[in-house]
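Listed below, chain by chain, are the residues.
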Amino acid sequence: MKKGMRYLVAVVGFVGLAAALLPAAVEAQALPLVKAGELTAATNATIPPYQFVDASGKLQGMRIEMGEEIAKRLGLKMTWINVGFETHIPGLQSGRWDASITGMFFTPERAKILYMIPYEYQAISIAVPKGNPQKIASTKDVAGKRVAVEIGGYEFRQITAINDEQVKAGEKPIEIRTFSTFADAFQALRAGQVDAVVSVDVNAKYYQDRGNFERAISGLRGSPATLAFRNKEVGLAVLKVLNDMRKDGTYDKFMDTWGAAKMPADKPLELKGPDMP
């Protein structure tokens with residue numbers, strides 16, 4: 001009798017879970033996707049531990065796992081396109097992919113042309129060789145020095161803004177050198193071709209933990225990072241999934257496992273966009 005009851009409870013639980021997931025899956029099939037039944041997302045797998053390619057050529061990282069979970073809950077196949085960040089917004093606008101899952105920083109300008117979910121908080125670091133031989137302790141200490149950064153992103157814009165502010169204040173200009181990927185930027189630092197690298201905090205910590213570099217400065221110019229979408233319907237469907245993940249603890253698990261900073265827990269995540277408040 002007890003065995004039968006356990007079996008019944010298990011069946012009821014499975015049916016209940018399936019019923020809870022079914023509406024999202026059914027709704028997802030009606031979404032205006034690039035390819036029916038698939039969530040096609042661009043990423044730039046050059047920012048470990050957020051997104052990177054492992055030794056076997058497989059995509060790994062927090063945002064990869066999060067994207068896979070979102071697609072699973074929507075009942076969609078996850079299709080990744082690994083391309084440079086500079087192509088993400090044009091690709092969304094031209095309908096090449098449904099989403100950019102790469103931690104695109106939120107700006108009011110981007111929210112005028114894209115639908116964005118701020119879901120994570122990020123700031124930037126200045127990384128230097130281990131031991132910090134040039135004793136860099138503030139942004140003024142990189143005035144006149146060679147600083148590497150990935151081209152086109154939030155980090156590039158912020159170090160450019162910092163440089164402009166400091167030059168106006170009488171400091172020497174920073175020699176900003178751009179690279180296609182953060183991996184290339186850190187390789188240049190390793191080779192002594194630059195004096196420092198500007199990247200997001202978690203990325204800089206990832207390289208620091210591997211023993212070759214250290215973060216001289218961190219927590220600069222913090223801002224929300226987002227998932228970005230080409231249309232409102234897909235954004236709203238993903239928003240619901242993300243808020244469900246916050247309620248059931250999956251969001252916290254992802255963020256805590258990979259050391260990412262969570263958005264404030266006192267209100268749900270929101271979709272921002274051209275016709276959104």
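Residues numbered from 1 in each chain as written. Predicted model: local features only at pLDDT ≥ 70, side-chain atom pairs only at ≥ 80, totals over all residues. Heavy atoms only, no water.

Quick notes on helix α5 (residues 182–190)
Part 1: By the burial criterion, the buried members of α5 are Phe182, Ala185, Phe186, Ala188 and Leu189. Along the axis of α5, the buried residues cluster in a sector spanning 155°; they form a single face.
Part 2: At the C-terminal side of α5, glycine 192 shows a positive phi close to 80°. (Buried < 20%, exposed > 50% of the residue type's maximum accessible area, 1.4 Å probe, protein only. Helix = DSSP H or I, 4+ residues; strand = E, 2+ residues; numbered from the N terminus. Arc of directions from axis to C-beta.)

Focus: the nonpolar core
Part 1: Of all hydrophobic cores here, the largest spans 57 residues; its most connected members are Met66, Ile70, Val238 and Leu242.
Part 2: With 7 residues, the single largest contributor to this core is helix α7 (residues 232–248).
Part 3: Each residue touching valine 238, except ones within four places of it in the same chain, is listed here: Ile70, Leu74, Ile117, Leu227 and Phe229. (Core = buried A, V, L, I, M, F, W, Y, C linked by side-chain atoms within 4.5 Å. Contact = heavy atoms within 4.5 Å.)

Comments concerning the packing of aromatic side chains
One pair of aromatic rings is described through two measures. These are the centre distance and the angle between the planes.
Part 1: Taken as a whole and judged by the stated rule, the model has 6 aromatic pairs.
Part 2: Residues phenylalanine 52 and tyrosine 206 carry aromatic rings whose centres are separated by 6.3 Å and whose planes lie at 40° to one another, so their mutual orientation is tilted. A residue pair is termed long-range when its members are at least 10 positions apart, and phenylalanine 52 in strand β3 (residues 51–53) and tyrosine 206 in helix α6 (residues 201–209) qualify at 154 residues.
Part 3: According to the relative accessible area criterion, tyrosine 206 is buried, its value standing at 19%.
Part 4: Considering the side-chain rings of tyrosine 206 and tyrosine 207, the 5.4 Å spacing of their centres and the 90° angle between planes classify their relative orientation as edge-to-face.
Part 5: Judged by relative accessible area, tyrosine 207 falls into the buried class, the value being 13%.
Part 6: One aromatic cluster is present, formed by Phe52, Phe186, Tyr206, Tyr207 and Phe213 through successive ring pairs.
Part 7: Sitting over the ring of tyrosine 50, arginine 63 keeps its end group 3.7 Å from the ring centre.
Part 8: Lying over the aromatic face of tyrosine 251, arginine 246 brings its terminal NZ or CZ to 5.1 Å of the ring centre. (Phe/Tyr/Trp six-rings, centres within 6.5 Å; stacked < 30°, edge-to-face > 60°. Lys NZ or Arg CZ within 6 Å of the ring centre and 35° of its normal.)

What about the sheet that holds strand β4 (residues 59–60)?
Each strand in a sheet pairs with another by means of backbone hydrogen bonds, the pair being arranged parallel or else antiparallel.
Part 1: Spatial ordering of the open sheet is given by β2-β3-β4, a layout of 3 strands whose pairing is antiparallel. Sheet topology places β2 (46–47) and β4 at the edges, where each strand pairs with a single neighbour.
Part 2: Sheet topology note: the β2/β3 ladder contains 2 bridges and is antiparallel. Note on β3: the bridge partner recorded for threonine 46 is phenylalanine 52. (Pairing = 2+ DSSP bridges.)

Some details on the confidence of the model for the chain
Part 1: With 90% of its residues at a pLDDT of at least 70, the chain reaches an overall mean of 90.
Part 2: Taken as a whole, residues 1–22 scores under 50 in pLDDT and shows 1 contact with residues more than four places along the chain or in a different chain. (pLDDT = per-residue confidence, 0-100.)

Concerning the packing of α5 against α6
Part 1: Close contact between α5 and α6 brings their axes to 12 Å; oriented N to C, the two are set at 45°. Classified by the interaxial angle, the pair formed by α5 and α6 is oblique. Seen from above, α5 lies across α6 with right-handed handedness. For the pair α5 and α6, the contacting residues are Phe182, Ala183 and Phe186 in the first and Asn203, Ala204 and Tyr207 in the second.
Part 2: Here the residues of the contact of α5 with α6 sort into 5 nonpolar, 1 polar and no charged. (Axes fitted to C-alpha atoms, helices over the stretch in contact; angles between N-to-C directions. Parallel < 35°, antiparallel > 145°, perpendicular 65-115°, else oblique. Left-handed = near helix turned anticlockwise from the far one by under 90°. Nonpolar A, V, L, I, M, F, W, Y, C, P; charged D, E, K, R; others polar.)

Considering the pairing of strand β1 (residues 38–43)
Part 1: Judged by how many residues are buried, β1 sits mostly within the fold: 6 of 6 residues are covered.
Part 2: Along β1, one buried face is formed by Glu38, Thr40 and Ala42 and the opposite face, lined by Leu39, Ala41 and Thr43, is buried too.
Part 3: Taken together, the 6 bridges between β1 and strand β5 (residues 77–82) define a ladder with parallel strand orientation. The partner of threonine 43 across the bridge, within β5, is asparagine 82.
Part 4: Alignment of β1 against strand β6 (residues 99–105), held across 2 bridges, turns out to be parallel.

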